[in-house]
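Residues per chain are reported as follows:
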Amino acid sequence: TVSDQEAAFEARIDADGRIEPQDWMPEAYRKTLVRQISQHAHSEIVGMLPEGNWISRAPSLKRKAILIAKVQDEGGHGLYLYSAAETLGTSRDQMLEGLHSGKAKYSSIFNYPTLNWADVGVIGWLVDGAAIMNQIPLCRCSYGPYSRAMIRVCKEESFHQRQGYEALLVMMQGTEAQKAMVQDAVNRLWWKCLAMFGPPDSDSPHSAQGMRWGIKRISNDELRQKFIDATVPQAKVLGVTLPDPDLKWNEERQHHDYGQIDWQEFWNTVEGNGPCNKERLATRVKAHNDGQWVRDAALAYTRKQQQRAQK
Ligand code: FAQ
């Protein structure tokens, strides 16, 4: 009966076991996973765009090769995640329809422009850095396919983070103009990266249930704090200032205190009104439509193969 199945599910969650696609699960568990995985997958795919804009303008062959590899990795992450969502019964077409119609969410961070080359380095250092901080606990998420996808994603993200930090270290040993570019990129992106962890715990509707189900292991605010504590010494080595006058070590808490995040600006961006939302969505829809011939050709080829096999 359903109540037996529910009891088995609860027992598995309590024992910190994994739920697999063929297992019974409450509809609300399935729904929340599809919501989060869809949002995560779309973030990877839309996240290709701000950096993709710099592939043709990378300052050297080496930087260009690294950047192409990184952007390709992000496409790959999107595909693992769409596959993970398929195991929950939601097709890739359904998810793409949600993205292209503006209904589905993706990370707020990708709605800000990349204005100079240092933005590419800062995306690696801070955006991938924040992504890793959030995704390491997801490697222990209760849903098997999602947790396993995260292991490989995290390995690749850590290469992304290192390449960004290294690119910035080189720029910080360069000319005054190069150093100013790095500082400018940090100034524009720092606060947006802090918002990547989601709203404060007190204002996060999905947190309590997500924690209860072992989808979320560490809360939004705790991860944000860990990220800040890890980043401050890295900024010092780099020689940049993090743009927050309230940022300082609190001996009693053994953490850094920090200033107020502009949550109104965050929600405004999440709701579709950030500086680049329209441009990002239009680019994505165009890329999808321009790729129609590839999907048509692949389907025609498969059909031909099937017909031949039947003869
Ligand atoms: N942007 O109740 P909560 C990357 C939404 S990394 C937009 O706290 P939850 C790698 C949230 O969906 C970025 N929306 O929700 C890369 C919910 O709305 P809904 C992607 C946000 O799910 C690097 C509402 O606010 N990583 O792409 C954001 O418990 C470089 C209430 O929030 C992931 O997605 C936001 N920042 O916690 C690629 C990781 N924050 O669904 C390219 C997986 C919250 O009710 C270049 N996701 N919202 O309409 C998660 O861990 C969680 O979903 C959270 C949010 C922590 C993001």
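Criteria and thresholds
- The residue numbers shown here count from 1 along each chain, following its written sequence.
- In view of the model being predicted, local features appear only for residues whose pLDDT reaches at least 70, and side-chain atom pairs are presented and counted only at 80 or more, with totals across whole chains, interfaces and linings using the full set of residues.
- Side-chain measures were taken over the full set of non-hydrogen atoms in the model, leaving aside hydrogen atoms and water.
- Each axis is a line fitted through C-alpha atoms, taken for helices only over the stretch in contact, and angles between the N-to-C directions span 0 to 180 degrees.
- Think of it this way: any DSSP run of H or I at least four residues long counts as a helix, any run of E at least two long counts as a strand, and we number them from the N terminus.
- Note on definitions: a residue-residue contact is assigned when non-hydrogen atoms from the two residues lie within 4.5 Å.
- Polarity classes work like this: nonpolar for Ala, Val, Leu, Ile, Met, Phe, Trp, Tyr, Cys and Pro, charged for Asp, Glu, Lys and Arg, and polar for all others, with Gly in that last group.
- By nonpolar core is meant a set of buried Ala, Val, Leu, Ile, Met, Phe, Trp, Tyr and Cys residues that side-chain atoms within 4.5 Å join together.
- Each residue's exposure class comes from its accessible area (1.4 Å probe, protein chains only) as a fraction of the maximum for that residue type: buried when under 20%, exposed when over 50%, partly exposed otherwise.
- Think of a 1 Å grid over just the protein atoms. A cavity is a set of points where a 1.4 Å probe fits yet cannot get out, a pocket is an open set with protein on both sides within 12 Å along at least five of seven lines, and lining residues have an atom within 4 Å of a point.
- Grid points are joined across faces, edges and corners, and a volume is the space filled by probe spheres set on the points.

(A) The packing of helix H4 (residues 61-86) against helix H5 (residues 92-100), seen in detail. For the pair H4 and H5, the least separation of the axes is 9 Å and the interaxial angle reads 115°. The residues of H5 that touch H4, namely those facing Leu79, Tyr82, Ala85 and Glu86, are Arg92, Met95 and Leu96. The class makeup of the residues in the contact of H4 with H5 is five nonpolar, no polar and two charged.

(B) Here's a closer look at the nonpolar core. One finds Trp125, Val182, Phe227 and Val240 to be the most contacted residues of the largest nonpolar core, which totals 44 residues. With nine residues, the single largest contributor to this core is helix H6 (residues 117-135). Ignoring any residue separated from it by four or fewer positions in sequence, one finds Phe227 in contact with Leu126, Gly129, Ala130, Met133, Trp190, Cys193, Leu194 and Phe197. Residues Val34, Ile37, Cys139 and Cys141 belong to the second largest nonpolar core, which totals 27 residues.

(C) Main features of empty space enclosed by the protein. Under the definition given, this model contains two cavities of 30 Å³ or more. Space inside the largest cavity adds up to approximately 60 Å³. Around the largest cavity sit Pro50, Ile109, Phe110, Tyr112, Pro113, Thr114, Ile123, Val127 and Leu189, which together line it. Its residues assigned to classes, the lining of the largest cavity shows eight nonpolar, one polar and no charged. Around the second largest cavity sit Arg63, Ile66, Leu67, Trp117, Val120, Gly121, Gln163, Gly164 and Ala167, which together line it. Residue assignment for the lining of the second largest cavity shows that the elements contributing at least two residues are H4, H6 and helix H7 (144-172).

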